[in-house]
Amino acid sequence: MTENDKASSRPTVADRSSSAAIAVDHLVKVYKQTRAVDDISFSLPRGSITGLLGGNGAGKTTTIAMIMGLVLPTSGRVQVLGHRVPEESAAVLGRMNFESPYVDMPMRLTVRQNLTVFGKLYAVKNLSDRIAKLAEDLDLADFIDRANGKLSAGQKTRVALAKALINQPELLLLDEPTASLDPDTADWVRAHLERYRRDNNATILLASHNMLEVERLCDRVIIMKRGRIEDDDTPEAIMARYNRTTLEEVFLDVARGRVNGAQEAVR
Amino acid sequence: MTELSLHGGISLHRIGAMILRYWYLLLSSWPRLLELLYWPALQVITWGFLQLYIAENANFFARAGGTLIGAVILWDILFRGQLGFSISFLEEMWARNLGNLMMSPLKPIEFLLSLMVMSLIRLAIGVIPMTLLALFLFHFNVYALGLPLIAFFCNLIFTSWSVGIFVSGLVLRNGLGAESIVWTLMFAILPLACVYYPVSVLPGWLQYVAWALPPTYAFEGMRALLIEHTFRTDLMLQAFAINAVLLVASFWAFLALLRSARKHGSLLSGGE
């Protein structure tokens with residue numbers, strides 16, 4: 001192979017972004033005087049699980065909302081599964097899904113009715129089979145004909161996850177997927193997410209405050225602070241760089257602005 | 001959900017899914033069903049007895065039998081049509097479900113079409129018993145208006161949808177703090193649309209405003225039919241023309257407000 005051949009086979013920026021599950025390029029969101037997201041760029045390969053870390057107001061939710069098309073960026077661009085968002089959202093919305101504490105499922109509808117409605121919205125084929133499979137996988141059978149409003153927090157989270165998986169999404173966006181869950185249920189949800197990613201080669205981007213969750217699930221971590229990316233690497237590399245043994249310690253260093261020798265090296 | 005996907009095909013499947021969602025909700029809640037029946041019945045009974053009393057005491061109303069009760073029924077088509085549309089929309093805000101819908105492949109036009117179908121369903125549940133009550137208690141058969149009734153109904157329902165689309169956009173943009181507009185805006189139209197009296201009663205300058213509202217044509221048309229036994233095609237055609245403009249304008253406003261909501265992050269909060 002000649003140098004020219006090598007150069008021509010090397011992926012360009014455009015190629016990389018079109019093959020990535022998510023490509024964010026110089027993304028900015030300004031609300032009045034506040035820069036909620038301040039010129040961030042990253043690209044997530046398909047089949048990866050990435051954790052978006054940061055304190056309250058770091059810009060995680062706004063970033064995810066811009067990836068989903070719920071919030072328009074002030075500048076910059078977002079590409080999802082090879083399509084620009086929000087301009088070409090119609091081409092990708094059926095291939096992705098999300099779960100967030102900012103939304104609920106209708107309370108008066110039963111779990112089955114909710115899943116039926118969303119299954120139809122996503123044009124899921126063999127919907128009753130799909131609902132039965134999700135009920136089995138996520139252990140919903142005991143309360144599938146109960147109104148969503150009468151479920152416990154853990155049961156609701158499982159139902160929300162079932163809704164997020166109803167269309168077998170290639171890309172799953174999760175905002176605090178295990179918030180308000182007891183450790184057993186949270187562990188159970190994480191195991192399910194790992195299995196789903198492995199079986200479907202799905203890409204998962206999750207925002208979380210739970211460092212153990214991120215350490216366990218994610219092969220990459222993006223740490224945000226005041227709308228900017230503070231660090232972006234594997235959990236192991238980040239912990240090594242900050243000379244820490246847990247991501248929680250790294251999180252506290254970043255949140256409290258503690259700059260140690262290792263962090264200086266990063267900068 | 002993206003406003004830019006308007007040019008793509010409309011999916012009856014997705015519209016059906018939304019109608020199913022609202023149907024499940026209606027069936028799950030007897031107070032919601034009862035409310036659909038309660039207010040129209042109360043209206044027709046109150047105004048029906050008033051009309052009976054006036055008819056016994058005034059020559060004009062004896063001759064123009066049914067104009068009051070007919071106006072009540074047509075007004076309810078207009079008002080309940082808009083409420084039927086807007087309440088289905090508000091259910092999504094109250095349930096904090098809008099984000100789920102916005103993130104689904106559902107397009108704005110499909111969402112609005114499903115709300116229109118739901119307004120018809122809710123209207124049928126409320127208004128058909130009301131018309132039967134008018135027939136049973138006051139011997140007023142609104143269906144005897146014949147084909148003109150279809151023209152009145154279409155014009156009123158088109159206006160109700162335009163108002164419903166516009167106020168839904170306002171709530172989308174401004175959150176539930178704007179909810180009161182849903183309940184009150186139509187009442188601003190009530191005196192101007194000349195529901196219970198002819199346009200000629202209004203001062204000259206206000207008549208121009210009245211004639212800018214499509215419902216005015218329906219109520220004038222109904223009076224012409226009941227009093228003069230004449231169907232005013234000209235009035236109906238003018239109303240259809242204004243309604244066409246209103247529907248396009250309201251849809252455009254909805255998309256603009258949706259875009260503004262995305263710009264300001266209102267879809268994430270959706271609250272007050």
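Residues numbered from 1 in each chain as written. Chains lettered and ligands numbered in written order. Predicted model: local features only at pLDDT ≥ 70, side-chain atom pairs only at ≥ 80, totals over all residues.

**Q** So what exactly am I meant to see when it comes to the overall build of chain A here?
**A** Assigned secondary structure in chain A consists of 12 helices and 10 strands. Counting every position in chain A, which comprises 267 residues, the buried fraction comes to 44%. Pairs at least 24 apart in sequence give 65% of the contacts found in chain A among residues at least 6 apart. (Helix = DSSP H or I, 4+ residues; strand = E, 2+ residues; numbered from the N terminus. Buried ≥ 20, exposed ≤ 12 C-beta atoms within 10 Å, placed from the backbone. Contact = placed C-beta atoms within 7 Å.)

**Q** Sorry, what's going on with the overall build of chain B here?
**A** The helix and strand inventory of chain B stands at 12 helices and 0 strands. Ordered by position in the sequence, the α and β elements of chain B form the string α-α-α-α-α-α-α-α-α-α-α-α. Radius of gyration (C-alpha) of chain B: 20 Å, near the 19 Å computed for a compact globule of 272 residues. Counting only C-alpha atoms and orienting by the principal axes, one finds that chain B spans roughly 60 × 40 × 35 Å. The 272 residues of chain B split such that 47% are buried. (Rg over C-alpha atoms; globule rule 2.2 N^0.38 Å.)

**Q** How should the interface of chain A and chain B be read in this particular structure?
**A** Many authors give the size of an interface as the accessible area that is lost as the parts come together. At the junction of the two partners, chain A supplies 31 residues and chain B supplies 29 residues. Those elements that place two or more of their residues in the side of chain A that touches chain B are helix 3 (60-68), helix 4 (89-92) and helix 5 (111-121) of chain A. Partitioned by chemical class, the residues of the side of chain A that touches chain B number 21 nonpolar, 6 polar and 4 charged. (Nonpolar A, V, L, I, M, F, W, Y, C, P; charged D, E, K, R; others polar.)

**Q** How should I be thinking about the environment of Ile131(A) in this particular structure?
**A** Residues and elements named next belong to chain A. Of note, Ile-131 is situated in helix 6 (residues 127-137). Owing to 22 C-beta atoms within 10 Å, Ile-131 belongs among the buried residues under this scheme. Ile-131 sits 55 residues away from Ala-186 along the chain, and the two C-alpha atoms are 22 Å apart. The residues touching Ile-131, leaving out its near neighbours within four places in the chain, are Arg-112, Leu-115, Thr-116 and Gly-119.

**Q** Please clarify how the packing of helix 10 (residues 214-227) of chain B against helix 11 (residues 233-264) of chain B should be interpreted in this entry.
**A** A pair of packed helices is captured by two measures, namely the crossing angle of their axes and the spacing between those axes. Residue and element names in this part refer to chain B. One can describe the packing of helix 10 onto helix 11 by two numbers: an axis separation of 8 Å at closest approach and a directional angle of 160°. Compared by their axis directions, helix 10 and helix 11 come out roughly antiparallel. Our pair here, helix 10 against helix 11, has a crossing hand that is left-handed. Across from Pro-214, Tyr-217, Ala-218, Glu-220 and Gly-221 in helix 10, the residues of helix 11 making contact are Leu-235, Met-236, Gln-238, Ala-239, Ile-242, Asn-243 and Leu-246. Among the residues making up the contact of helix 10 with helix 11, the classes are represented as 8 nonpolar, 3 polar and 1 charged. (Axes fitted to C-alpha atoms, helices over the stretch in contact; angles between N-to-C directions. Parallel < 35°, antiparallel > 145°, perpendicular 65-115°, else oblique. Left-handed = near helix turned anticlockwise from the far one by under 90°.)

**Q** Please explain the sheet that holds strand 4 (residues 75-80) of chain A as it appears in this structure.
**A** To summarise the sheet geometry, strands pair through backbone hydrogen bonds and adopt either a parallel or an antiparallel arrangement. Residue and element names in this part refer to chain A. If you trace the 4 strands from one edge of the open sheet to the other, you get 2-1-4-5, paired in antiparallel fashion. The two strands at the open ends of the sheet, each matched to only one other strand, are strand 2 (34-44) and strand 5 (83-85). Shown here is a sheet whose adjacent strand axes are inclined to one another by a mean of 30°, direction ignored. One ladder, built from 8 bridges, connects strand 1 (residues 22-31) with strand 2; its direction is antiparallel. From the neighbouring strand, Val-28 faces strand 2, where its bridge partner is Asp-38. (Pairing = 2+ DSSP bridges.)

**Q** Mind showing me how you'd approach the pairing of strand 10 (residues 228-233) of chain A here?
**A** Regular strands have side chains that alternate between both faces of the sheet. Residues and elements named next belong to chain A. By the bridge criterion, 5 bridges tie strand 9 (residues 220-225) to strand 10 in an arrangement that is antiparallel. Residue pairing for strand 10: Ile-222 is matched across the bridge by Asp-232. In this structure, the hairpin formed by strand 9 and strand 10 is closed by a connection of 2 residues, where Arg-226 is found at a positive phi of approximately 45°.

**Q** Looking at this structure, how should I read the packing of helix 4 (residues 67-94) of chain B against helix 6 (residues 108-138) of chain B?
**A** All names here are of chain B. Two elements in contact, helix 4 and helix 6, have axes whose closest approach is 8 Å; the angle formed by their N-to-C orientations is 155°. By the angle class used here, helix 4 and helix 6 are roughly antiparallel. As for how helix 4 packs across helix 6, the hand of that crossing is right-handed. Residue-level contacts link Ile-69, Ile-73, Asp-76, Ile-77, Arg-80, Gly-81, Gly-84, Phe-85, Ser-88 and Phe-89 of helix 4 to Leu-115, Met-116, Met-118, Ser-119, Arg-122, Leu-123, Gly-126, Val-127, Met-130, Thr-131, Ala-134 and Phe-138 of helix 6.

**Q** In this structure, what is going on with the nonpolar core? I would like to understand it.
**A** Taken as a class, soluble globular proteins show a tendency for nonpolar side chains to be buried jointly. Formed by 149 residues in total, the largest nonpolar core has its most connected members in Leu173(A) and Leu74(B). Looking at this core element by element, the count peaks at 14 residues for helix 4 of chain B. (Core = buried A, V, L, I, M, F, W, Y, C linked by C-beta atoms within 7 Å.)

**Q** Just checking my understanding: could you explain the sheet that holds strand 10 of chain A for this structure?
**A** All names here are of chain A. Sheet architecture is open: 6 strands sit in the order 6-7-8-3-9-10, paired in mixed fashion. The sheet is open, and its two edges are formed by strand 6 (96-99) and strand 10, each paired on a single side. Each strand of the sheet is rotated relative to its neighbour by a mean of 15°, with strand direction disregarded. Of the pairings in the sheet, the one linking strand 6 to strand 7 (residues 171-175) comprises 4 bridges and is parallel in character. Residue Met-96 lies in a different strand from strand 7, and its bridge partner there is Leu-171.

**Q** Whenever I open this one, helix 11 of chain B confuses me. Can you help?
**A** At 3.6 residues per turn, the α-helix brings residues three or four places apart onto the same side. Residue and element names in this part refer to chain B. End to end, helix 11 covers 46 Å across 32 residues, agreeing with the expected 46 Å (1.5 Å per residue, within 8%). Along helix 11, the residues classified as buried are Leu-235, Met-236, Ala-239, Ile-242, Asn-243, Leu-246, Ser-250, Phe-254, Leu-257, Leu-258, Ala-261 and Arg-262. In the stretch just after helix 11, Gly-265 is the one whose phi turns positive, near 75°. (Expected span 1.5 Å × (residues − 1).)

**Q** It is not clear to me how the pairing of strand 9 of chain A should be interpreted in this structure. Could you clarify?
**A** All names here are of chain A. Strand 9 sits mainly inside the fold: 5 of its 6 residues count as buried. By the bridge criterion, 4 bridges tie strand 3 (residues 49-53) to strand 9 in an arrangement that is parallel. Within the sheet, the bridge partner assigned to Leu-53 lies in strand 9 and is Ile-223.

**Q** Would you mind showing me how to read the environment of Ile222(A) here?
**A** Residue and element names in this part refer to chain A. Within the secondary structure, Ile-222 is located in strand 9. It is 17 Å that separates the C-alpha atoms of Ile-222 and Arg-256, two residues lying 34 residues apart in sequence. Sequence-distant contacts of Ile-222, defined by excluding residues within four places in its chain, comprise Phe-42, Thr-50, Leu-52, Leu-53, Ile-229 and Asp-232.

**Q** What's the story with helix 8 (residues 183-200) of chain A in this structure? I'm lost.
**A** Here helix 8 of chain A spans 26 Å end to end across 18 residues, near enough to the 26 Å set by a 1.5 Å rise per residue. Note on helix 8 of chain A: the residue one or two positions beyond its end, Asn201(A), has a positive phi of about 50°.

**Q** Looking at this model, I keep getting lost on unusual backbone geometry. Mind explaining?
**A** A negative phi holds for most residues other than glycine; trans holds for most peptide bonds. Residue and element names in this part refer to chain A. Residue Pro-86 is bonded to the preceding Val-85 through a cis peptide linkage, with omega at 10°. With respect to the helices, strands and loops of the structure, Pro-86 is situated in the loop between strand 5 and helix 4. One non-glycine residue, Asp-39, lies in positive phi territory at about 60°. With 14 C-beta atoms packed within 10 Å, Asp-39 lands in the partly exposed category. Located in the positive-phi region is Leu-81, a residue other than glycine, with phi close to 50°. Considering the arrangement of structural elements, one finds Leu-81 in the loop between strand 4 and strand 5.

Remember that the coordinates give geometry; whether it matters functionally is a separate question.
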